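Inside the fold
Each chain, letter by letter, is given below.
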Amino acid sequence: METLNRVINLFPSYSDAYLAWGQIHINNHNYEEAIKDFKFALTIMPNKLVGYLGLGDVYKLNGNLKKALKQYNKAITDPHQEFIARYKRGRVLYTLKSYKDAELDFKYILSLAP
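Read on for a plain summary of the structure. (Residues numbered from 1 in each chain as written. Predicted model: local features only at pLDDT ≥ 70, side-chain atom pairs only at ≥ 80, totals over all residues. Heavy atoms only, no water.)

**Concerning a positive patch on the surface**
Together, Lys 39, Lys 67, Lys 70 and Lys 74 give the surface a local cluster of positive charge. Here the positive patch gets 3 residues from one element, more than from any other, and that element is helix 5 (residues 65-75). Mapped onto the elements, Lys 70 comes out in helix 5. Taking relative accessible area as the criterion, Lys 70 reaches 55% and is therefore assigned exposed. (Patch = residues over 30% accessible without salt bridge, like charges linked within 9 Å, V, L, I, M, F, W, Y side chains within 5 Å. Areas by Shrake-Rupley, 256 points an atom, 1.4 Å probe, with all protein chains shown as cover. Salt bridge = Lys/Arg side-chain N within 4 Å of Asp/Glu carboxyl O. Lys, Arg positive; Asp, Glu negative; His and termini not counted. Charge placed at Lys NZ, Arg CZ, Asp CG, Glu CD. Helix = DSSP H or I, 4+ residues; strand = E, 2+ residues; numbered from the N terminus. Buried < 20%, exposed > 50% of the residue type's maximum accessible area, 1.4 Å probe, protein only.)

Written as structure tokens, this is what we have:
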């Protein structure tokens, strides 16, 4: 934690540090702080869509599945995050009883496997 604070002090525009803080806050069940960090990371690097995965995770843990779904939908547009975003979105859709939509995500993921 001290290291992350030092990194942020030296490089306040380093979005990965805020993403890391967000994950730490999730692990400590400090969801409001996690949301702030993920949102701030996205303001620094709007094209680094992994921040949307973090936001989706926080909203899911808070029980706000519709907000989580919106964040996972944004993350899917990043080819580097698409696989995990579709998986997480599929899980949320399944929980929301949108079984056909969840099935589409899971089938898509399976189609990517060699």
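**What to know about the pattern of salt bridges**
Enumeration over the complete set of coordinates arrives at 7 salt bridges. A salt bridge links Arg 86 to Glu 82; the shortest N-O distance between them is 3.0 Å. With Arg 86 and Glu 82 both in helix 6 (residues 82-95) and 4 residues apart, the pair spans about one turn of that helix. Across the pair, Glu 82 and Arg 86 agree in class, each one buried. Among the salt bridges present, the one from Arg 86 reaches Asp 105, with a minimum N-O distance of 3.0 Å. In this pair, Arg 86 is assigned in helix 6 and Asp 105 in helix 7 (residues 99-112), connecting sequence segments 19 residues apart. Both residues of the pair, Arg 86 and Asp 105, belong to the buried class.

**Regarding helix 2 (residues 15-27)**
Note that an α-helix has 3.6 residues per turn; residues three or four places apart therefore point the same way. Here helix 2 contains 13 residues, and its C-alpha end-to-end distance of 19 Å stays within 8% of the 18 Å for a straight helix at 1.5 Å per residue. If you check which residues of helix 2 are buried, you get Ser 15, Ala 17, Tyr 18, Leu 19, Trp 21, Gly 22, His 25 and Ile 26. Each element contacted by the buried residues of helix 2 is listed here: helix 1 (2-10), helix 3 (31-44) and helix 4 (50-61). Of the residues one or two after helix 2, His 29 is the one with positive phi, at around 60°. (Expected span 1.5 Å × (residues − 1). Contact = heavy atoms within 4.5 Å.)

**Side note on the packing of aromatic side chains**
Tallied over the full model, the rule gives 3 aromatic pairs. Here Tyr 18 and Phe 40 contribute two aromatic rings whose centre-to-centre distance is 4.7 Å and whose plane-to-plane angle is 65°, an arrangement assigned as edge-to-face. Here Tyr 18 is found in helix 2, whereas its partner Phe 40 is found in helix 3, with 22 residues between them in sequence. Taking relative accessible area as the criterion, Tyr 18 reaches 11% and is therefore assigned buried. (Phe/Tyr/Trp six-rings, centres within 6.5 Å; stacked < 30°, edge-to-face > 60°.)

All quantities given are derived from atomic positions and should not be read as evidence of function.
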